[in-house]
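Observations on the three-dimensional arrangement
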Amino acid sequence: MSQLSERPEKSVVGLPMPHESAVQHVTGTALYTDDLVHRTKDVLHAYPVQVMKAHGRITALRTAPALAVPGVVRVLTGADVPGVNDAGMKHDEPLFPDVVMFHGHAVAWVLGETLEAARLGAAAVEVELDELPSVVTLQEAIAADSFHGARPVMVTGDVDSGFADSAHVFTGELHFSDQEHFYLETHAALAHIDEAEQVFVQSSTQHPSETQEIVAHVLGLHSHEVTVQCLRMGGGFGGKEMQPHGFAAVAALGAKLTGRPVRLRLNRTQDLTMSGKRHGFHADWKIGFDADGRIRALEATLTADGGWSLDLSEPVVARALCHIDNTYWIPNARVAGRIAKTNKVSNTAFRGFGGPQGMLVIEDIMGRCAPLLGLDPMELRERNFYGEGQVTPYGQPVRQHRRIAAVWEKVQENAGIADRRREIAAFNAAHPHTKRALAVTGIKFGISFNLTAFNQGGALVLIYKDGSVLINHGGTEMGQGLHTKMLQVAATTLGIPLHKVRLAPTRTDKVPNTSATAASAGADLNGAAVKNACEQLRERLLQVAATRLGSSAADVRIVEGVARALGSDAEVAWDDLVRTAYFQRVQLSAAGFYRTEGLHWDAKTFRGSPFKYFSHGAAAAEVEVDGFTGAYRIRRVDIVHDVGDSLSPMIDVGQVEGGFVQGAGWLTLEDLRWDTGEGPNRGRLLTQAASTYKLPSFSEMPEELNVTLLEDATEEGAVYGSKAVGEPPLMLAFSVREALRQAAGAFGPAGASVELASPATPEAVFWAIEAVREDGAAHAGVAVDDGTGTGTGTGAGRVADGTLRTDATALNGA
C-alpha cells in the first residue's frame, strides 16, 4: 500500500464525526458572507439595473434620475472600470454589457446607503434598447445553427462495421431539462479597501483564487493586491464555481471608487433570473445490439444549452461525452458534442458537471430498448458491464470493473430484489389502476478535473508553542463536510486528538493558486496537501522526540498525542514535544502540496486517461404510480456506494443521501420554464420562486432509504485510501426514473417500450401511461416481426434491412 493510502494505528480518519460546524448551523450562529455586513461600518448596498428583454443593443443609459433618489451614492457603469470590463475567464462576459443577452441581464449597479435606496435608484435608471431577435430554446438554437465553443468528437473502433454486425438497431432522441442550484444562500460578496489600498473581498465562492483573478483584472491590479476569503457557503453545487466572480468584482469596484465597504447580495428572484443553471441537453442517438443484447455500436450527438456565454460549457460537454458509456463497454462509438448559444443565463457547473447528462442518455437508451430486445432491464444492463481489459471510448482502462459488479450484487442482496419483484408482480396483477416497479441502475463516475492543471492542491499548517494546530487549505466549505475531513486528516497524520486541531477560513493570502472546490476532488487534493504539510512537521518532531527518548527517529511513533519509542516505556506528551521543538528552534509551520499523478488528456483527439479513478455505486428504487393522475411515491431506495475507505463515514452517508435526493429532483420534479412566445416577456424565466419551481421536500423523500458504503474498498494512491463522494451519488437517482418508466409500462401490454420525458413529473408519467395504453389498444393481439422471427420486437417498426427502429415521438410506432 502506498504511503498516501496507508492509515496509522488509532487514526481519526474513518471515525464517524459530526460536521465541524453542525452546532453553529442548527443554532444559527454560523456566519455567512452577508452576516458580516452587520459587523462592518458604513456599508453601501449594491442593486442591479436589470433589463427585462431577452436581447437588444443599449442605445441610451441615463443614470441621473437614480442619483436624484435620496440615499443613492453612485451608479456603476462600464465607464467606471479601470481594468478589463469582463467577468469571465473566456473574456466573453462583459461585466457592464452594451448588448443585453438575456431577460434580466444587469447593465449597471446602483450603490445606496440602504438596500431600499439602492433598489429605488435602480428602478429610476433609464435604459433604451434596440431589440434584437432572440433564441430562447435549445430547439430554436439547433434550427438556427446557433452554436459557440468547441465541438469535440469522441471516436473508438469502427462504428459502421459495428452497426453492420448488429442484429438490432434503434434510433431515437431525448431532450432533458436544466436544473436550478437553489442553494440556501444566494450569491453574496462584501468588499472593502484598507489603508494600503489593498482590496479585501469576502465572497460566497467555490473558487477564491479565480474570484481574486477576476477582481484584479477588473480593477487593473495585480493578484497580490487582492485577497479573497470564503468563510463558508450555504450551498454551492457548482453554481458558485464561476458565477460569483462578477458579483465580487462589482462590490470591489464600488469599494474602490467610494472608499466605503460595499455589500452585494442577490435576492432569490434575482439569483434565479441572473445566475446559470445545469445545462439542459438534447441527444440524437443510434445504437446497435447483437443477438444477445450486447452493445455493438453507438452514434450520438449531444447538444448542451450553454446560454449566452461559454462559462464552463466546454468542459461540461467534454465530461458528458466521457460519461455516455456509464458502466457499459461500447466497442464502437462516435459521439459528438456541441454547445448551443441561446439568449438565456449562462449555464454553468452543477453537481456532476456534464456526467449526469451523458449517463442519462445511455440509461434512457437501455430503459427504452430492453423491452424491444425482450430482455429484463436489469439483465440488459448487466450483460453490458465492463469486463477484464476493456477500455472506455476515450481510451482509459477500467481497472476496477469488478467494483461495478460488486455494488450491483450487494444492492440486490441488501434490497431483497428477487422476493420483492415477485411481490410487485402479484400487486400489479391485483391492482389495475395502481402499479409498482423496482429498478436497479449503476454508476461509473470519473474523478479529477478535465483540465489537468487543476489537479493540484495546497495547504499551510501551523503548530503553536502550546501544541495547538491551525490548518489552512485551498478548499471551500459549502456544507459538504470538507473541513471536517481535513481536520481528521491533520489529526491522523500528526497523531494527535481532534480537539487539538482548528481550521481557518479559506483565504487566497494563505494558500495561493488554488483550484475550485469542485469535480468531487476537494478531499483528494486538499487532503493530500494537508497530509503532506503535516508529514513534514511530524518528521521534524520525530527527530526532536528521538533525542528526548534516546532512540532513532525511525522507531518513534506519535499516537493519540504521545510520542513513544518502540520497545520502550519512555514517552513524551505532544505539548511537551512541541515546546521542546520551539526552544530548539525547529520550524513549526509547513506548506503542503499535492499534484495528482498519472493523468493525461489530449483534448484535440479526445483520448487519454483524464481520471485518477472511477467511483462506483448502485441503487434499487421502488415506486408506486397512480394510473389516473400519474402521481407517484418512492416506496423504498437501497444504495450501495463506493467511497473507498471513508475518511468520515457520517459525512459520506449524508452526501450520498443528499446527492441522491438532488438527482431525483432533477429527474422527476424540477421543471424550469421560460416564456417562449413572441410577446413582450419573451425569454422571461417563468419559474422564479419555490412556489413555481418544485424542489424535493420531505414528501418526495423515499419512505425508506438505506445507504451502505462498500466495504474493503481501499483506493490505492488516494488520501488514506478514500474516494470522492460529492457528485457520484446524484446519478444513483437514475433508478427512480427507470422505476417510473417500468411502472408506466406495467399499464400496457408486456414488452411495451416507454418513452418518458425528463423531468418525469406526474404529468409526464401520466402521458407516458396514456401512450402505453393507446399502444396496447392499437397492437392488441399483434406481434410485430423484428426480422429475427422471434416476435421479440413487439411495438417496434421494422425497416428494410430487418433492423429495429424507434423514433422520438413514438418509440412503439411502426
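Residues numbered from 1 in each chain as written. Predicted model: local features only at pLDDT ≥ 70, side-chain atom pairs only at ≥ 80, totals over all residues. Heavy atoms only, no water.

A short note on the confidence of the model for the protein chain
The line we're drawing: pLDDT is defined as a per-residue confidence score from the predictor, taking values between 0 and 100. Here, two residues are considered to be in contact whenever any of their heavy atoms come within 4.5 Å of each other.
Averaged over every residue, the pLDDT of the protein chain is 94; the share at 70 or more is 95%. A low-confidence stretch, residues 780-814 stays under pLDDT 50, and its non-local contacts, those more than four residues away or across chains, total 70 contacts.

Overview of the pattern of salt bridges
Here the idea is simple: oppositely charged side chains can pair when their charged atoms come close. Going by this rule: By definition here, a salt bridge exists when the distance from a side-chain nitrogen of Lys or Arg to a carboxyl oxygen of Asp or Glu is within 4 Å. By the criteria applied, helices consist of DSSP H or I runs no shorter than four residues and strands consist of E runs no shorter than two, each listed in order from the N terminus. Remark: exposure states derive from per-residue accessible area (1.4 Å probe, protein chains only) relative to the maximum for the residue type, with buried under 20%, exposed over 50%, and partly exposed in between.
Inspection of the entire model under this criterion finds 56 salt bridges. A salt bridge links glutamate 116 to arginine 119; its shortest N-O distance comes to 2.6 Å. Of this pair, glutamate 116 and arginine 119 are both found in helix 3 (residues 115-124), three residues apart, which corresponds to roughly one turn of the helix. Close ionic contact of lysine 723 with glutamate 715 constitutes a salt bridge, the shortest N to O distance being 3.7 Å. The pair lysine 723 / glutamate 715 is uniform in exposure class, with both members buried. Linked by salt bridges that have partners in common, Glu363, Asp364, Arg368, Arg381, Arg737, Glu738 and Arg741 make up one network.

A word on the sheet that holds strand 6 (residues 126-131)
Threshold: For two strands to be treated as a pair, DSSP must find no fewer than two bridges joining them.
Here three strands make up an open sheet; going across it, the order is 4-2-6 and the pairing antiparallel. If you trace the sheet from one side to the other, it starts and ends with strand 4 (99-100) and strand 6, each paired once. Of the pairings in the sheet, the one linking strand 2 (residues 56-62) to strand 4 comprises two bridges and is antiparallel in character. Looking across to strand 4, one finds that arginine 57 is bridged to valine 99.

So, helix 3
The line we're drawing: Arc definition: directions from the helix axis to the C-beta atoms.
Within the sequence span of helix 3, burial applies to Ala117, Ala118, Gly121 and Ala122. Along helix 3, the residues classed as buried sweep out an arc of 135° about the axis, all on the same side. Looking at the buried positions of helix 3, the neighbouring elements they touch are strand 1 (44-51), helix 2 (64-67), strand 3 (72-76) and strand 5 (105-112).

Regarding the sheet that holds strand 21 (residues 556-559)
Each strand in a sheet pairs with its neighbour through backbone hydrogen bonds, running either in the same direction (parallel) or in the opposite one (antiparallel). Rules: Working convention: axes come from line fits to C-alpha atoms, limited for helices to the stretch in contact. Angles between N-to-C directions cover 0 to 180 degrees.
The antiparallel open sheet is built from three strands, whose spatial order is 21-22-23. Two strands close off the open sheet at either side, each with one partner strand: strand 21 and strand 23 (571-573). Across the sheet, the axes of successive neighbouring strands diverge by a mean angle of 20°, strand direction being ignored. For strand 22 (residues 562-565) and strand 23, the ladder comprises three bridges, and the chain directions are antiparallel. Among the inter-strand pairings, alanine 563 is bridged to a residue of strand 23, identified as valine 572. Packing of helix 15 (residues 522-549) onto the sheet brings it into contact with strand 21, strand 22 and strand 23, and relative to strand 21 it is tilted by some 115°.

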